[in-house]
Amino acid sequence: MGRPWACCFVGRVYEGHREPNPSQRTGEKMESPSTSNADPFHSGGSNGNMDSLKDGDTANVIMNHDFSKGLDSWHANCCDAFVVSPQSGHREGLASKSSGNYAVISNRKECWQGLEQDITGRIFSGSNYTVLASVGVSGPIQGLANVQATLKLEYRDSAASYLFIGRTSVSKEQWAKVEGTFSLSALPERVVFYLEGPSPGVDLLIESVVISCPNTSTSDSMGRECIADGNENIILNPSFEDGLKNWSARGCKIVLHDSMGGGKVLPQSGKFFAAATERTQTWNGIQQEITGRVQRKLAYEVIAVVRIFGNNVSTADVRATLWVQTPDFREQYISIANVQATDKEWVQLQGKFLLNGNPSRVIIYLEGPPAGIDILLNSLIVKHAEKFPPSPPPPIENAAFGVNIITNSSLSDGTNGWFPLGNCKISVGTGSPHILPPMARDSLGPHDSLSGRYILVTNRSQIWMGPAQIITDKVELYLTYQVSAWVRLGYGAAGPQNVNIALSVDGQWVNGGQVEINDDRWHEIGGSFRIEKKPDRVMVYVQGPAPGIDMLIAGLHIFPVDRQARFRYLEIQTDQLRKRDVILKLSGSDCSLFGTFVKVRQVQNSFPIGSCVNRTNIDNEEFADFFTKNFNWAVFGNELKWYWTEPQRGNFNYRDADELLNFCESHNFETRGHCIFWEVESTVQPWVRALNKNDLMIAVQNRLTGLLTRYKGKFKHYDVNNEMLHGSFYQDHLGKDIRSNMFKIAHQLDPSATLFVNDYHIEDGCDYRSSPEKYIQQILDLQEQGAPVGGIGIQGHIGSPVGPIVCSALDKLGILGLPIWFTELDVSSTNEYVRADDLEVMLREAFAHPAVEGIMLWGFWELFMSRDNAHLVDAEGEINEAGRRYLALKEEWLSHCHGHVDEQGHFEFRGFQGTYEVEIVAFSKKVSKTFVVEKGDSPLVVSIDL
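The structure reproduced in this document is the subject of the present report. (Residues numbered from 1 in each chain as written. Predicted model: local features only at pLDDT ≥ 70, side-chain atom pairs only at ≥ 80, totals over all residues. Heavy atoms only, no water.)

**With respect to the overall build of the protein**
Applicable threshold: Think of it this way: any DSSP run of H or I at least four residues long counts as a helix, any run of E at least two long counts as a strand, and we number them from the N terminus. Here the term buried applies to any residue with accessible area under 20% of the maximum for its type, exposed to any over 50%, and partly exposed to those in between, with areas from a 1.4 Å probe on protein chains only. To measure how exposed things are, a 1.4 Å probe is used in the Shrake-Rupley method; for residues, cover is taken only from the protein chains shown. Here Asp and Glu are counted as negative and Lys and Arg as positive; His is not counted, and neither are the chain ends. Lysine's charge is taken at NZ, arginine's at CZ, aspartate's at CG and glutamate's at CD.
Along the protein, the regular secondary structure elements total 14 helices and 46 strands. The dimensions of the protein, computed from C-alpha atoms along their principal axes, are 110 × 105 × 60 Å. Per-residue burial over the protein gives 55% buried out of 946 residues. Summed over all atoms, the accessible surface of the protein reaches about 40300 Å², with 48% contributed by carbon and sulfur. Seen as two clouds, the 86 positive and the 111 negative side-chain charges of the protein have centres 2 Å apart.

Okay, structure coming up:
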C-alpha cells in the first residue's frame, strides 16, 4: 500500500512502504542499465541553469538523463509515462519552452507516484552527490505544486527507508529546478532515485536530471575522488601503519603483529603485518571492501606480500579473490592470483582483474591454506595495471628450416654424440625403418632415407633413463621445432607403455611428444616445442617405459619448421575446398549488356568461427562490440555446466545461461551447448560426488531432462560428456553403458542437436592418453553401443603447433566421416607476434581441411581466458598482433572483385562460400542484389534481371 501521509513533506529520512506490493505490479520490471558514455547534459539547452553544467568534468549517474532514448532506463512508479519529442507536434504552453525531449508522468492516483531510476552500482559510499532536475507540471492545478527528489534505500533484512534530497514549487507556465545533495555513509543493497510530489491528477513533467559527484569528496577524510583514478593504490592503510583500520576478517580473526614466532617472523617492509588466524575454512582470511574505489572496464594489478604460519605445514597455496555483488544481488567470485607461500620467507602474490559491469559491492580478500594455518599479509597494492609496449617481432635471421639439429642422428658413427642418462646402457643395432615417419615428411628439408640403425637402451632402472644429447647451442629462441622419431619396445614389455621424447631446459621438463605402445611394432612419435627464454643448458632425451623394459629409438630428428612455406600450400588447399565458381547471368535489357560494370563484395563468410563468452562479458560494451562484429557462433564458458546450473542439489541457476542465450539470439548467433556432463571427477560438484549409485542415476536423468527440455531447439551442438579420455567419474560409478545412454537420452530429448564428444591434446602428439587412435576407438565403441555421436570436438589448447602434426590428426579422425570442430582453440606465447603465428597455423590448418566444419576460440579478451598470454585483445580493449592477424585472416577469407560483363552477359568469378552483395551499373542506373554462395562442385549461376 502507499505510505500513510498526505501530499506534504516532513523530515529527512522516513520509514515505511512507498508503493503497492511488487507482486501486484504485473508486467513491471526494474532494470539496472549499463553505464552510458554519452554527454551527461543534453544539447537541446532548453533550461539555462541546466546548460550551465555542461562544462563540468564529472559524469552523470543518471542514464538517459534527457530522455533522448525515450524511457530507456526509467520506470513509471504505479502510473503512466511517455516522452514528448520536438517532432511530436504537441508543443503548446510550457512544452513550447523546451527544445528537447521531456517525459510526462500521468494517471497519478497518489502524490508519491512518479518516475524512478535504479542507480545501484553507480554511486559510492562516502561521496557527496549533487542533484539538479528540470521539472514542470500540467493539468488541473491552481497556484503552485510541489515536486520532490527522493532516494529509496532498500536493505536485504529490513524495511526500505527514504532519503529526502530536495524540493521546489512550480507553476504550469514554467520549468523549475529541483536541487539538493546527498551522501551515503554505507551502501544499501539497492538505491532508487525518483521524482514525486504533485497532487493526484496533476501530470509531472521532467525535462532532464543530473546527479553528479565533485572531483573530491568533502566527507572523506582521505580526500579521494568519487571513483579512484586507478593510478594510485586503492587499498586504504595498505601496510597497516594505522593498525587494522579499513581491514576486516572473513570468517576468522585478524591480529596486528610486529613480529611472530619468537622474533623469527618480521615484516619485509614497514613496521607491521596482519595475521588471519583461527581459520576453520579454506575461504577464511583477511579482506577489505573497495566499493567506490574501483572502476569498471579498467584493468587492475594486485601485488600482495604474504607468507603462512602454523604447525606441520611448510607450504600452502594463498589466493587473492574478488567478491562482487551486482545490483540485482548476484554474487561473483573472481580469482585474481595464487602463489605457493611458505613459512620461511615472504613471497609476492601478483595478478590482475577487471570488472565488466557496475557492481554494488566489491571486496578483495586472501584465502586458500588449510584450516588452522595463519595467512600473513605485510602489504597489499591494487592499482591501475601498467601498460607495457608490445614485444617486437623476434629477431629470426637465416633460420635453417628443415635441418636436423641432432648430432649423428643416423648412428653412422656409433653412439658418438649420445650418452646414457643414468646407469642404463646404449648400443647400436640394425633393422629399423628406412623411411621417415609420415608427420615429418612435409616439413623436413632435403634428406636421405633413414639408415636402418637404432639405439638400443638396456639396463634401465628408472623411467627417465634413456639416450640423451646436449643441444644447447643448436636451439634458437622463438623458432618452432618439430620432433620426429621411430620408437619400439624391446625385452620385458608387459602391457601398454608410454614413450616420451623430452627436453630438460635448465632443469625444467618440456614435452617433445608421446606415444603409447602395446605391441612389438615400430611406432611414430611426433611433437613440437619452442624456447622463448635463453637457456643455459638444453638436453634432449628419450624416456618413459617402466624400469626393466628395453627401448629402441631410430631416426630422431629435431628441426625448425618453415611456417610460411606451409601457409602457401594451405592457401592452395583452401581455394579448392572453400571456394566455388560463380556466374552472374544478366538479362532483361533490349540493349547489349557487354561492358556493363559489376562490383561484387562478400559481406560474410559462412564458415563458422565463434568464441567462448561469459555472462559478465556482455556487460562490457567494448567486449560485446568486438564479439558480435568478428564472430558468428558462441559457446558459454561456464554458464551451462552442471556445477553452474545446479551448484547445490535442487538449487538451480539458469539465469546466466538464459541471458547469454538471449544475447546470442538477438545477434543471430548459433550456439554450442558446453557441456551436459564432465567426466573428470575434480570438476563434479561435491553434492553429486556424494550420491550413492541409485541417487546418482536419478540425478543424471534429471540433469538431462531439465537441461534439454528447457533449451530444446536452442543449442545446435551439445558436448555430451566432456573429456572422456581423461576422466571416468560417471563410468566408474554407473557402469560402462552410462556414456552411450547419455547420448541416447539427449538425442531423444532434443533430436535437432548434434551430439559431440570433446577432448584435448588430440592434435598435438603430446599426450599418450588422447591420441587420435584412442579417440577413434572411443567413438567406435560408443557407436557400437548405439550412441548417436554426431560430431568430433577437438578442444585445441595447443602450444607451438606444427601444421603437419595437426593435419595428421585431422586426417586420421576424418576417416570416421563425422564433422570435426575445434571447440576451445587457444594458443599462448609471451611474444604477441609468435602468438599470432601460432594462431594463424591453427586457423589455416582447420580452414584448409575438408573434415573441419567449424572453429571456436576459447576466448579472446585478456583476463577472461583460461591461459595466460593467449588473448587477442587486452583487458581494456586494445587489439594486439594476434588480434590483428585474426582480423586479417577474416578479411582474406572474403572475396571481392569487379569488372565488366562479357559478350554473353556473364560476369564470372571464384569466391568463398557465404553472403554477397553485387552492384551493377547499367544504362545510367544501379541495380543491387544479395545472393548466397553455398558449398558445391559445379558453378553457381545467379540470374539477375535488370
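**Notes on unusual backbone geometry**
Cysteine 675 follows histidine 674 through a cis peptide bond whose omega is -10°. By the secondary structure assignment, cysteine 675 is in strand 36 (residues 670-678). A positive phi is found at asparagine 246, a non-glycine position, where the angle reads about 75°. Overall, the relative accessible area of 35% leaves asparagine 246 in the partly exposed class. A positive phi angle, near 75°, is found at phenylalanine 329, a position not held by glycine. Within the fold, phenylalanine 329 resides in the loop between strand 17 (315-325) and strand 18 (331-342). A relative accessible area of 32% places phenylalanine 329 in the partly exposed class.

**Looking at empty space enclosed by the protein**
Selection criterion: We place a 1 Å grid over just the protein atoms. Points where a 1.4 Å probe fits but has no way out form a cavity, open points with protein on both sides within 12 Å along at least 5 of 7 lines form a pocket, and any residue with an atom within 4 Å of a point lines it. Grid points are joined across faces, edges and corners, and a volume is the space filled by probe spheres set on the points. Each residue receives one of three labels: charged for Asp, Glu, Lys and Arg, nonpolar for Ala, Val, Leu, Ile, Met, Phe, Trp, Tyr, Cys and Pro, and polar for the others, Gly being one of them.
Taken as a whole and judged by the stated rule, the model has five cavities of 30 Å³ or more. Of the pockets and cavities examined, the largest cavity occupies roughly 70 Å³. Every residue lining the largest cavity is listed: Lys641, Trp642, Tyr643, Cys675, Ile676, Phe677, Trp678, Thr683, Val684, Gln685 and Tyr730. Looking at the lining of the largest cavity, the elements that each hand over two or more residues are helix 5 (642-645) and strand 36. With four residues, the top contributor of residues to the lining of the largest cavity is strand 36. When the residues that make up the lining of the largest cavity are grouped by side-chain class, the tally is eight nonpolar, two polar and one charged. Volume-wise, the second largest cavity comes out at about 50 Å³.

**Details of the packing of helix 11 (residues 772-784) against helix 12 (residues 803-814)**
To keep it simple, the criterion reads: To define axes, lines are fitted to C-alpha atoms, for helices over the stretch in contact only, and angles between the resulting N-to-C directions are given on a 0 to 180 degree scale. Just so you know how the angles are binned, under 35 degrees is roughly parallel, over 145 roughly antiparallel, 65 to 115 roughly perpendicular, and the rest oblique. Less than a right angle of anticlockwise turn of the near helix away from the far helix marks a crossing as left-handed, whereas a clockwise turn marks it as right-handed. Should any heavy atoms of two residues lie within 4.5 Å, those residues are considered in contact.
At a minimum axis separation of 9 Å, helix 11 and helix 12 run at an interaxial angle of 20°. Put simply, helix 11 runs roughly parallel to helix 12. Along this stretch, helix 11 crosses helix 12, giving a crossing that reads as right-handed. Residue-level inspection shows Pro772, Glu773, Tyr775 and Ile776 of helix 11 in contact with helix 12, the latter providing Ala809, Lys812 and Leu813. Classifying every residue of the contact of helix 11 with helix 12 gives five nonpolar, no polar and two charged.

**Notes on the sheet that holds strand 17**
Here is the rule we go by: Here the rule is simple: two strands pair whenever DSSP picks up at least two bridges between them.
Judged by pairing direction, the sheet is antiparallel, and its five strands sit side by side in the order 12-15-20-17-18 without closing on themselves. The open sheet is flanked by strand 12 (248-250) and strand 18, the only strands paired with a single partner. Neighbour to neighbour, the strand axes of the sheet diverge by 25° on average, direction disregarded. Pairing geometry for strand 12 and strand 15 (residues 285-289), over three bridges, is antiparallel. Residue arginine 250 lies in a different strand from strand 15, and its bridge partner there is glycine 285.

**Here's the deal with the sheet that holds strand 29 (residues 523-529)**
In spatial order, the strands read 23-24-31-26-29; together these five strands make up an open sheet with antiparallel pairing. The open sheet is flanked by strand 23 (425-430) and strand 29, the only strands paired with a single partner. Adjacent strand axes in the sheet meet at a mean angle of 30°, parallel and antiparallel pairs treated alike. Where strand 26 (residues 481-489) and strand 29 come together, seven bridges link them in antiparallel fashion. Opposite tryptophan 486, over in strand 29, you have glutamate 524 as the bridge partner.

**Some points on the pattern of salt bridges**
Oppositely charged side chains can pair when the atoms bearing their charge come close. The test is simple: One side-chain nitrogen of Lys or Arg within 4 Å of one carboxyl oxygen of Asp or Glu is enough to make a salt bridge.
Counted under the stated rule, the structure contains 49 salt bridges. A salt bridge links lysine 245 to aspartate 242, with the nearest nitrogen and oxygen atoms 4.0 Å apart. Taking relative accessible area as the criterion, lysine 245 reaches 46% and is therefore assigned partly exposed. One salt bridge connects arginine 884 with glutamate 832, and the closest N-O pair in it is separated by 3.6 Å. With a gap of 52 residues between them, arginine 884 in helix 14 (residues 881-892) and glutamate 832 in helix 13 (residues 832-847) connect regions that are remote in the sequence. Residue glutamate 832 is classed as buried on the basis of its relative accessible area of 10%.

**Points about the packing of aromatic side chains**
For any pair of aromatic rings, geometry is given as the distance between the ring centres together with the angle between the planes. In plain terms, the rule: Only rings of Phe, Tyr and Trp enter the pairing, Trp through its six-membered ring, and a pair is recorded when the two centres are within 6.5 Å. The plane angle decides the type: under 30 degrees is stacked, over 60 is edge-to-face, the rest tilted. Counting as a charge over the ring demands two things of the Lys NZ or Arg CZ atom: a distance within 6 Å of the ring centre and an angle within 35 degrees of the ring normal.
Inspection of the entire model under this criterion finds 36 aromatic pairs. Chaining the aromatic ring pairs together yields one cluster made of Phe623, Phe626, Phe627, Phe631, Phe663, Phe669, Phe860, Trp861 and Tyr886. Residue placement shows arginine 250 over the ring face of tyrosine 365; its charged tip is 3.9 Å from the ring centre. The ring of tryptophan 346 carries the charged tip of arginine 307 above its face, separated from the ring centre by 5.5 Å.

**Quick word on the nonpolar core**
Just so we agree on the cut-off: As used here, the term nonpolar core means buried Ala, Val, Leu, Ile, Met, Phe, Trp, Tyr and Cys residues forming a set that is joined through side-chain atoms within 4.5 Å.
The biggest cluster of nonpolar side chains holds 111 residues, and the ones touching the most others in it are Leu584, Tyr718, Tyr730 and Phe931. Each residue touching tyrosine 718, except ones within four places of it in the same chain, is listed here: Leu640, Gly673, Ile676, Leu707, Leu708, Tyr711, Asp750, Ala753, Thr754, Leu755 and Phe756. Phe67, Ile119, Val137 and Ile206 belong to the second-largest nonpolar core, a separate cluster that totals 40 residues.

**Digging into helix 14**
To be explicit about the condition: Expected helix span is computed as 1.5 Å times (number of residues minus one). N or O atoms closer than or at 3.5 Å make up a polar contact, with two conditions inside protein: a donor-capable atom paired with an acceptor-capable one, and, for residues adjacent in sequence, both atoms drawn from side chains.
Over its 12 residues, helix 14 runs 16 Å from end to end, which matches the ideal 16 Å to within 8%, given 1.5 Å per residue. The set of residues buried in helix 14 consists of Glu881, Ala882, Gly883, Arg885, Tyr886 and Leu889. Measuring from the side-chain oxygen of the N-cap residue of helix 14 to the backbone nitrogen of alanine 882 gives 3.0 Å; that N-cap residue is asparagine 880.

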